[in-house]
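Single-letter residue listing:
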Amino acid sequence: MAIDFEFRKQVMDHHIGSEVIKYCYQCSRCADNCPVTAVTTDFYTTTGYNPRSNILNALLGYKDAIFAADELAIWGCTVCDTCDEVCPQNIELTEVFTFLKNQSIAQGKGPDFIYAQAKAVFDSAKAIPSQPAIERRRQQMGLPAVAAPDVNEVQTLLKNIGADKKLK
Ligand code: SF4
Ligand code: SF4
């Protein structure tokens, strides 16, 4: 497996408190508590999403092992932050995973569902479209109608960070 030293350095530089990430001792507490690992892992073949493996591959500079794997390897993380809470070394795993996701998008290798959701946010300023059933339920509960977002404002913000150019 080829080591990409530049990639390794980028991971280190990106992580807040870069001294800490080196102290991962592969205890697997992150994976043991990850809800995505719990529902995707086949313990007979050890396939599935695994935050411990991602940290190990990032630390070793095994870039290909991360980006050549299926999209679950990076995008399986739902950013629930459980791993950050339980890591005995106080490693902010989700920061590393955000870096990996951004790299994936920069390479044009993000999964289709991410582009679809990003486009939905760009087009409607909502991650989840309004649904009449939810509006009716809110009315029944005496809640006010959800205010319409300012689509132009959201689009301006996204254009300012170049997000519109990343949409497929
Ligand atoms: S819980 Fe922390 S120290 Fe343990 S394997 Fe995961 S990242 Fe490494
Ligand atoms: S933040 Fe991601 S990797 Fe960590 S426990 Fe949640 S889903 Fe798993």
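1. Observations regarding the site of ligand 1
Right, so step 1: Near ligand 1 you find 13 residues, and of these Cys24, Cys27, Ser28, Cys30 and Cys87 are the closest.
Right, so step 2: Considered class by class, the residues forming the shell around ligand 1 number eight nonpolar, three polar and two charged.

2. Brief notes about the domain arrangement of the chain
By a frequent convention, interface size equals the accessible area lost on bringing the separate parts together.
Right, so step 1: When the domains of the chain are assigned, the result is domain 1 (5–106) and domain 2 (112–166).
Right, so step 2: If you average the C-alpha positions of domain 1 and of domain 2, the two centres end up 29 Å apart.
Right, so step 3: Carbon and sulfur atoms supply 73% of the area that domain 1 and domain 2 bury against each other, a total of about 380 Å² over both sides.
Right, so step 4: Taken together, the connections running from domain 1 to domain 2 amount to zero salt bridges.
Right, so step 5: For the pair domain 1 and domain 2, the interface holds zero residue pairs in polar contact (both at pLDDT 80 or more).
Right, so step 6: Residues of the side of domain 1 that touches domain 2, tallied by class, amount to three nonpolar, no polar and one charged.

3. Some remarks on the pattern of salt bridges
Pairing between side chains of opposite charge can happen when their charged atoms approach one another.
Right, so step 1: If you walk through the whole model with that rule in mind, you get three salt bridges.
Right, so step 2: Between Lys9 and Asp13 there is a salt bridge, and its shortest N-O distance comes to 2.7 Å. Taken together, the residues span about one helical turn, with Lys9 and Asp13 both in helix α1 (residues 5–14) at a distance of four residues.
Right, so step 3: Of the residues examined, Asp13 reaches a relative accessible area of 54% and is grouped as exposed.
Right, so step 4: The partner of Asp123 in a salt bridge is Lys119, and the shortest N-O contact between them spans 2.7 Å. Taken together, the residues span about one helical turn, with Asp123 and Lys119 both in helix α10 (residues 112–124) at a distance of four residues.

What counts as what
Residues numbered from 1 in each chain as written. Chains lettered and ligands numbered in written order. Predicted model: local features only at pLDDT ≥ 70, side-chain atom pairs only at ≥ 80, totals over all residues. Heavy atoms only, no water. Near = heavy atom within 4 Å. Nonpolar A, V, L, I, M, F, W, Y, C, P; charged D, E, K, R; others polar. Domains from an automatic or database assignment. Buried area = accessible area lost by both parts, 1.4 Å probe. Salt bridge = Lys/Arg side-chain N within 4 Å of Asp/Glu carboxyl O. Polar contact = N/O pair within 3.5 Å; in protein donor to acceptor, adjacent residues only side chain to side chain. Helix = DSSP H or I, 4+ residues; strand = E, 2+ residues; numbered from the N terminus. Buried < 20%, exposed > 50% of the residue type's maximum accessible area, 1.4 Å probe, protein only.

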